[in-house]
Amino acid sequence: MSEKIVLIDGHSILNRAFYGVPDLTNAEGLHTNAIYGFLNILFKILEEERPDYLTVAFDVHAPTFRHKMFSDYKGTRKPMAEELRQQVPVMKEVLRAMKIKIVEQKGLEADDLLGTIAGIGERAGMDVVILSGDRDLLQLATDHVKIRIPKTKQGKTEIEDYYAADVKARYQVTPQEFIDLKALMGDASDNIPGVPSIGEKTATKIITEYGSVENAYAHVEELKPPRAAKALKEHYDKAQMSKILATIEVNAPISYELSEAKIGNLYTEEAYEYFQKLQFKNLLGRFDVEAKGNQIENAFVRVTDKQQAEELFARAGKEAFVGVSFGKEEKDAVPLFSHSSGFGSVGLAFSEKEIYTIVAEGELTMEDLFSLVETLAKTTVVALFDVKAALSYVRIEDPESCFDVGIAAYLLNPLKSDYTWLDVAAEHLSLLIDEKTEGYCRSCYEAYVIWAAAAVLEEKMKESGTEELFRTIEMPLLFTLFAMEQAGVRVEAEALRFYGEQLGTKIVELEKEIYAQAGEAFNINSPKQLGVILFEKLKLPHGKKTKTGYSTAADVLDKLAPEYPVVEKILEYRQLTKLKSTYADGLANYICADGRIHGKFNQTITATGRISSTEPNLQNIPVRMELGRLIRKVFIPEEGYVFVDADYSQIELRILAHCSGDQELIHAYREAKDIHRITASQVFHTPFDEVTELQRRNAKAVNFGIVYGISSFGLSQDLSITRKEASEYIDRYFETYPGIKKFLDDTVAHAKEMGYVVTLFGRRRPVPELASSNFMQRAFGERVAMNAPIQGTAADVMKIAMIGVHRELTERKMKSRLVLQVHDELLIEAYEEELEDVKKILKEQMEQAAQLDVPLEVDMHTGRNWYEAK
DNA sequence: TCGCTCACG
DNA sequence: ACGTACGTGAGCGAA
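Residues numbered from 1 in each chain as written. Chains lettered and ligands numbered in written order. Predicted model: local features only at pLDDT ≥ 70, side-chain atom pairs only at ≥ 80, totals over all residues. Heavy atoms only, no water.

As recorded by an unreviewed UniProt entry, chain A carries the name DNA polymerase I and is attributed to Faecalimonas umbilicata. Checking UniProt for chain A, the heading Sequence similarities (unreviewed entry) contains the comment "Belongs to the DNA polymerase type-A family." One UniProt comment on chain A, placed under Catalytic activity (unreviewed entry), says "DNA(n) + a 2'-deoxyribonucleoside 5'-triphosphate = DNA(n+1) + diphosphate". (UniProt positions renumbered as here; feature names shortened; annotations may be inferred.)

Here you go:
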């Protein structure tokens, strides 16, 4: 059997992969989807063809000689998307790591290289296979040169194969004639002009009959239809030029040694490392080189003996820090006593070689192990994943004695969706662990990853300037949040049920009325059904559309409500069902036996540094509408206690004033209370006392907009004014506060240069959108860059305040406790006798949390329920 | 599971 | 010309 060579059109396949594979990025934010797609198709082809030689050809992005001649025509090629462009050099490195021959040559297109090498291969008696997404290559097909073109059909990649005969069968022309076909019909994607008014049909007809552009021209008088004859006569120069453009060079002067293209072992160590770095986990299975993991696994030891366990903990205590994990109960383990935590082992790692899993078995109980960990934390730093969760089992008092790996990873990149130890291993240790690993091995891995990652993460935090934030804010805060979760908030179940029932009655009434007016029953909560009823059956004027149908969002319906009573009813129905399902019924499900809701406060969710609240979300309890606000009456303190609610007054705007150093705004905040009125007065050049309500409202909207990363469109939407008017407001605002304008511009510029923005306390947020080739994405990036430092600094300040409040309450051994945080608001369940002290603490800690150039002001209210206290 | 809608700051 | 305000979480319907 003859030998075989596979030739790949690098850019073409990379390009296909880029658009065919959903966006992927690795830990460093590098886009990897095109590389991933390329490798997948490469492996597939290699398996199918089993070639002896392999070469990948790339274009060098400089004018090539064919196109230099006609620079008008090829000069307009679209620039490559940034997300793809950055993958090209990496792709080449990966191929080099796999010892795959790459050819690229200035002045030559990949086509020409492929054509020339195909010729070399064929003359050497080989079978040649060319892989490309570009049909131009079909002209190279012969009986021994096969062109393979991948196509996406219903999400699946199918490959069309063309030998010379197949080209003839598909296009009715030979590969040689295919060039002439192109010359006549042109190819917009390749900037080949072709002859105007001649399309695929006519071109095929002409070439099948005359075989070439030249011969067709020789017989131009007999050409049919006459229209084509006329076109060819007038544009023969274009046809000739197109033919040159379409012709692939098969004898280019290149130095190419077949021997260099011989396929060796693709699965080299370097390639393995690249695959790790790029996080192509399911491609790693192809490597049988010793995985990095194996060396680590050799150190894993399973321990069940109590004395041995104690010795290990004692040894671990002498190290600077120790990685600790908690493992699930083993099915076959037989503990003497049952334990409720669901854990059955502890992983312990304190060097590359000291990695253990200690299983609670026989005399050794889980409680023993927890207490060993507690003791350990007294002499060394215990690194854990999710310390807050661990605190339920292990009493650690001091934030300095532990290290939360998840939080550290979050601070280094807050954009990720989750921070599991497996993710951290891949991202920060380049260690890909099989998710299916179970038992003591898993527990050892986890402990090892925690131990190894803690050192790496600490170093990275120091480098990025986030270490202090971690140590002085995030770690202490976790203890505060833990206390808040434990405390929970009391909710009156009976009152909640009553509230829900009342809503239920009203909902049924509304339902009937809506059905009557619609003329039929339907599901009002289905935007799809509602859209059909409103805009098709009742023929109401529809506004914007969504991907799936008509928009029935509140702002659309609001505009219709005054004219159509049924719309009014629908809005009310929506409001009521929302209240019932999410709040009345929703919250009821979370009330525990102690009559309280113990929601979770998450520290590693938001991109900006805010805390998030889940199960249930206690940060979006209604307040804006009276009917919803009433639900706050069911949030009550324990007997003998009252609620104190304290919220920062316009903290974000104050932070903006401070960060920008804008004298006018700073002055305004030092002077008076009503900042929106001051803004209105200054922006609209109206005496303070003569500012109208409308002016004030507009100024307020602009103030909000500034914090969000202003855009005239957004503001116009909010105020229901034209973009032009909105734009004028913004201009006048920036004239009034030039410092703000400069600050926002500088922030965006910094973000573009560095790739991230930073808060007053060093919290970072990467803004990868700024490097996007997409206009919308970039504009979004700019708004994010403007907003994140402000929202993030406000979050930092609040966190500092929370730590301070919690510290004061606990150090003074007070009964009062922090129960909720709603971004700029704290709710304290205050023991009545401590009320005055609590108020003092809240005010003091919140207002002194940061020293800014403008005062931080706090509004406080007391009440017998949350409704009253707000 | 995804998109829509809507509750909050 | 593009089509948007920033940050969240939950419930629902439709596939």
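K.L.:
In this structure, what is going on with the overall build of chain A? I would like to understand it.
P.N.:
Helix and strand counts for chain A come out as 37 helices and 24 strands. Across its three principal directions, the C-alpha atoms of chain A cover 105 × 80 × 60 Å. Split into buried and exposed, the 870 residues of chain A put 54% on the buried side. Here chain A displays about 40800 Å² of accessible surface, and carbon together with sulfur accounts for 50% of that area. Side-chain charges in chain A split into 105 positive and 135 negative, and the spacing between the mean points of these groups amounts to 5 Å. (Helix = DSSP H or I, 4+ residues; strand = E, 2+ residues; numbered from the N terminus. Buried < 20%, exposed > 50% of the residue type's maximum accessible area, 1.4 Å probe, protein only. Areas by Shrake-Rupley, 256 points an atom, 1.4 Å probe, with all protein chains shown as cover. Lys, Arg positive; Asp, Glu negative; His and termini not counted. Charge placed at Lys NZ, Arg CZ, Asp CG, Glu CD.)

K.L.:
Please clarify how the nonpolar core should be interpreted in this entry.
P.N.:
Nonpolar side chains tend to gather and get buried jointly when the protein is soluble and globular. The biggest cluster of nonpolar side chains holds 192 residues, and the ones touching the most others in it are Val324, Phe326, Leu348, Val405, Phe635 and Tyr648. With sequence-adjacent residues up to four places away left out, Phe326 is seen in contact with Phe343, Ser345, Val346, Met366, Phe370, Val373, Leu384, Ala390, Val394 and Glu446. By size, the runner-up hydrophobic cluster in this structure holds 51 residues, among which are Ala118, Phe178, Val195 and Ala239. (Core = buried A, V, L, I, M, F, W, Y, C linked by side-chain atoms within 4.5 Å. Contact = heavy atoms within 4.5 Å.)

K.L.:
Help me out: how do you make sense of the environment of Ser612 in this one?
P.N.:
Along the chain, Ser612 turns up in strand E18 (residues 612-614). Considering only alpha carbons, one finds Ser612 and His823, 211 residues apart in sequence, at a separation of 8.7 Å. Look past the residues within four positions of Ser612 in its chain and what remains in contact with it is Lys600, Phe601, Asn602, Ile605, Thr606 and Gln619.

K.L.:
Is there a simple way to think about the confidence of the model for chain A in this case?
P.N.:
Low pLDDT means the predicted coordinates in that region are not meant to be read closely. Summary statistics for chain A give a mean pLDDT of 90 and a share of 95% for residues scoring 70 or more. In the predicted structure, residues 62-77 sits below a pLDDT of 50 and forms 35 contacts with residues beyond four places in sequence or in another chain. (pLDDT = per-residue confidence, 0-100.)

K.L.:
Just checking my understanding: could you explain the sheet that holds strand E19 (residues 641-648) for this structure?
P.N.:
Pairing between the strands of a sheet is mediated by backbone hydrogen bonds and can be parallel or antiparallel. Pairing is antiparallel in the open sheet, where 4 strands are placed in the order E22-E23-E19-E24. This sheet does not close on itself; its edge strands, each paired only once, are strand E22 (817-821) and strand E24 (858-863). Between one strand and the next, the sheet's axes are offset by a mean angle of 25°, whatever the strand orientation. When E19 meets strand E23 (residues 825-831), the two strands line up antiparallel, connected through 7 bridges. Within E23, the position partnered with Tyr641 by the bridge is Tyr831. Its contacts with the sheet place helix H35 (residues 775-811) against E19, E22 and E23, and it is angled at close to 10° to E23. (Pairing = 2+ DSSP bridges. Axes fitted to C-alpha atoms, helices over the stretch in contact; angles between N-to-C directions.)

K.L.:
Sorry if this is basic, but what is going on with the sheet that holds strand E11 (residues 381-384) here?
P.N.:
Taken together, the 6 strands give an open sheet; going across it, the order is E7-E10-E9-E8-E11-E12, and neighbouring strands pair in mixed fashion. Both edges of this open sheet fall to strand E7 (300-303) and strand E12 (402-404), since each of them pairs with a single strand only. When the angles between neighbouring strand axes are averaged without regard to direction, this sheet yields 25°. Note that E7 and strand E10 (residues 355-359) share 4 bridges and pair parallel. Looking at the pairing, Arg302 lines up with Thr357 of E10. The strands that helix H19 (residues 405-412) touches are E11 and E12; relative to E12, the one it contacts most, it runs at about 50°.

K.L.:
Looking at this structure, I do not really get the UniProt feature "domain: DNA-directed DNA polymerase family A palm" (unreviewed entry) in chain A. What am I missing?
P.N.:
Per the UniProt annotation, the sites labelled "domain: DNA-directed DNA polymerase family A palm" (unreviewed entry) are residues 628-834. Across residues 628-834, helical content stands at 59% and strand content at 13%; the span's end C-alpha atoms are separated by 31 Å.

K.L.:
Please clarify how the packing of aromatic side chains should be interpreted in this entry.
P.N.:
The geometry of an aromatic ring pair is captured by two quantities: the separation of the ring centres and the angle between the planes. Counting across every chain of the model gives 22 aromatic pairs. Between Phe18 and Tyr19 the ring centres are 4.8 Å apart and the planes differ by 80°, which places this aromatic pair in the edge-to-face class. Phe18 gets classed as buried once you look at its relative accessible area, which sits at 12%. Both rings, one in Phe275 and one in Phe280, keep their centres 6.1 Å apart while their planes meet at 75°; by these two values the pair is edge-to-face. For Phe280, a relative accessible area of 2% gives the class buried. Taken together, Phe326, Phe343, Phe370 and Tyr393 form an aromatic cluster joined through their ring pairs. Just above the ring of Phe734 sits the side chain of Lys741; from NZ or CZ to the centre is 5.2 Å. (Phe/Tyr/Trp six-rings, centres within 6.5 Å; stacked < 30°, edge-to-face > 60°. Lys NZ or Arg CZ within 6 Å of the ring centre and 35° of its normal.)

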